[in-house]
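Listed here are the chains, written in short residue letters.
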Amino acid sequence: MPESLFKKMLADYERELTELEEKYADLRQNVQEADSNEADVENWMELIKECVSIDRLDRTTAFRLISQVAIHEQTDERGHRRQSVQVKYNFVGCVS
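Notes on the structure follow. Keep in mind that this is a model prediction, so the values were computed, not measured.

**So, the overall build of the protein**
Then, in step 1: Helices and strands together make up the secondary structure of the protein, namely two helices and five strands.
Then, in step 2: Its C-alpha atoms give the protein a radius of gyration of 26 Å, clearly above 12 Å, the size a compact globule of 96 residues would have.
Then, in step 3: Principal-axis analysis of the C-alpha atoms gives the protein an extent of 85 × 40 × 15 Å.
Then, in step 4: Counting the 96 residues in the protein, one finds 9% classified as buried.
Then, in step 5: Pairs at least 24 apart in sequence give 19% of the contacts found in the protein among residues at least 6 apart.
Then, in step 6: Working note: accessible area of the protein is about 8700 Å², and carbon and sulfur atoms make up 51% of it.
Then, in step 7: Looking at the protein, you have 13 positive and 20 negative side-chain charges, and the mean spots of the two groups are 7 Å apart.

**A closer look at the environment of Q29**
Then, in step 1: Tracing the backbone shows Q29 in helix 1 (residues 3-51).
Then, in step 2: With relative accessibility at 42%, the residue Q29 sits in the partly exposed group.
Then, in step 3: Sequence separation between Q29 and E46 is 17 residues; the distance between their C-alpha atoms is 26 Å.

**Topic: unusual backbone geometry**
Then, in step 1: One non-glycine residue, R78, lies in positive phi territory at about 50°.
Then, in step 2: Along the chain, R78 turns up in the loop between strand 2 (75-77) and strand 3 (80-82).
Then, in step 3: We classify R78 as exposed; its relative accessible area is 83%.

**Let's talk about the pattern of salt bridges**
Then, in step 1: A complete count under the given rule lists seven salt bridges for this structure.
Then, in step 2: Among the salt bridges present, the one from E19 reaches R15, with a minimum N-O distance of 3.5 Å. A residue pair is termed a helical-turn pair when its members lie 3 or 4 positions apart in one helix, as E19 and R15 do in helix 1 at four residues.

Thresholds applied
- Residues numbered from 1 in each chain as written.
- Predicted model: local features only at pLDDT ≥ 70, side-chain atom pairs only at ≥ 80, totals over all residues.
- Heavy atoms only, no water.
- Helix = DSSP H or I, 4+ residues; strand = E, 2+ residues; numbered from the N terminus.
- Rg over C-alpha atoms; globule rule 2.2 N^0.38 Å.
- Buried < 20%, exposed > 50% of the residue type's maximum accessible area, 1.4 Å probe, protein only.
- Contact = heavy atoms within 4.5 Å.
- Areas by Shrake-Rupley, 256 points an atom, 1.4 Å probe, with all protein chains shown as cover.
- Lys, Arg positive; Asp, Glu negative; His and termini not counted.
- Charge placed at Lys NZ, Arg CZ, Asp CG, Glu CD.
- Salt bridge = Lys/Arg side-chain N within 4 Å of Asp/Glu carboxyl O.

Next up, the structure:
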């Protein structure tokens, strides 16, 4: 086998190995994120089960359920005042 062909094959092998290592790292991160998301959903479901029968929302429970509340500026539209409120719940996202 000529040395030039060997060097080319070795370079191709090293490039392929680097690409596979990058793909492996990406796949490993995706699996970790999926595991984390699954745990988040399970935690959310347990929290909701605990809160299904509450009749009064106390501060502690609100902090467990809600990560952020955004109250936007009040606007006047044809004599009607409007104000939007966005609630971002833990584990689920934003509800307007």
